[in-house]
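Architecture and fold: a report
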Amino acid sequence: MGDTLCNVIAFIILFLPLYRAGCSIPIMIQAYGESRGYEQYYIESYETKTGTIGEPISSENRGNKVNSYDHNSATRDEDRQAYFEDAYDSKKKREEERGGNDKCPT
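Residues numbered from 1 in each chain as written. Predicted model: local features only at pLDDT ≥ 70, side-chain atom pairs only at ≥ 80, totals over all residues. Heavy atoms only, no water.

A word on helix 2 (residues 32–45). Taking 1.5 Å per residue as the helical rise, helix 2 with its 14 residues ought to reach 20 Å, and the 20 Å between its terminal C-alpha atoms agrees with that figure. Of all 14 residues in helix 2, 12 are buried; the element is thus mostly enclosed. Within the sequence span of helix 2, burial applies to G33, E34, S35, R36, G37, Y38, E39, Q40, Y41, Y42, I43 and S45. Just downstream of helix 2, E47 is the residue with a positive phi angle, here 50°. (Helix = DSSP H or I, 4+ residues; strand = E, 2+ residues; numbered from the N terminus. Expected span 1.5 Å × (residues − 1). Buried < 20%, exposed > 50% of the residue type's maximum accessible area, 1.4 Å probe, protein only.)

Structural data, given as structure tokens:
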């Protein structure tokens, strides 16, 4: 499967629960590394890492089961890790400048 299709699928999986909850999340993603940084920011900010690995997807087990990437990775190429982190930090800074990232109403 191509990287573009994988990114689209990952995007849908991450944001569908937020969309269903009524969140509006305008995003313009330029590249794969940027999308990974943004995805990790949203996982942490909206606390969507609630799924349990090994259990079937259900109404109770439908959140993210893994992080987009590991902030403390010792195996990823340093430049690639820095790209993910730069995108994460950029998104976090923008959200802080606009007054924080309000939790989506449930």
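Now that the structure has been shown, the text picks up again.
So, on to unusual backbone geometry. Keep in mind that most residues, glycine aside, have a negative phi and that most peptide bonds are trans. For E47, which is not glycine, the phi dihedral falls at a positive 50°. Here E47 is to be found in the loop between helix 2 and helix 3 (78–97). Judged by relative accessible area, which is 56%, E47 ranks as exposed.

Here we come to the nonpolar core. Core analysis: the largest hydrophobic core is formed by 11 residues, namely L14, F15, Y38, Y41, Y42, I43, Y46, Y69, F84, A87 and Y88. At the level of secondary structure, the elements contributing two or more residues to this core comprise helix 1 (3–20), helix 2 and helix 3. (Core = buried A, V, L, I, M, F, W, Y, C linked by side-chain atoms within 4.5 Å.)

Further remarks concern the side chain of N61. Tracing the chain through its elements places N61 in the loop between helix 2 and helix 3. Reaching out from N61, the side chain makes a polar contact with the backbone oxygen of E55 at a distance of 3.1 Å. Apart from the residues lying within four places of it in its own chain, the contact partners of N61 are T50, G51, T52, E55 and P56. (Polar contact = N/O pair within 3.5 Å; in protein donor to acceptor, adjacent residues only side chain to side chain. Contact = heavy atoms within 4.5 Å.)

The share of residues in the chain with pLDDT of 70 or more is 77%, and the mean pLDDT across the chain is 81. Within the chain, no element has a lower average pLDDT than helix 1, which sits at 71, and none a higher one than helix 3, at 92. (pLDDT = per-residue confidence, 0-100.)

The next thing to look at is the pattern of salt bridges. Applying the stated rule across the entire model yields three salt bridges. A salt bridge links E97 to K93; the nearest nitrogen and oxygen atoms lie 3.9 Å apart. A residue pair is termed a helical-turn pair when its members lie 3 or 4 positions apart in one helix, as E97 and K93 do in helix 3 at four residues. For the residue pair E97 and K93, the accessibility class agrees, reading exposed in each case. A salt bridge links E95 to R98, with the shortest nitrogen-to-oxygen separation between them at 2.7 Å. By relative accessible area, which is 6% here, E95 ends up buried. When its relative accessible area of 55% is taken as the criterion, R98 is described as exposed. (Salt bridge = Lys/Arg side-chain N within 4 Å of Asp/Glu carboxyl O.)

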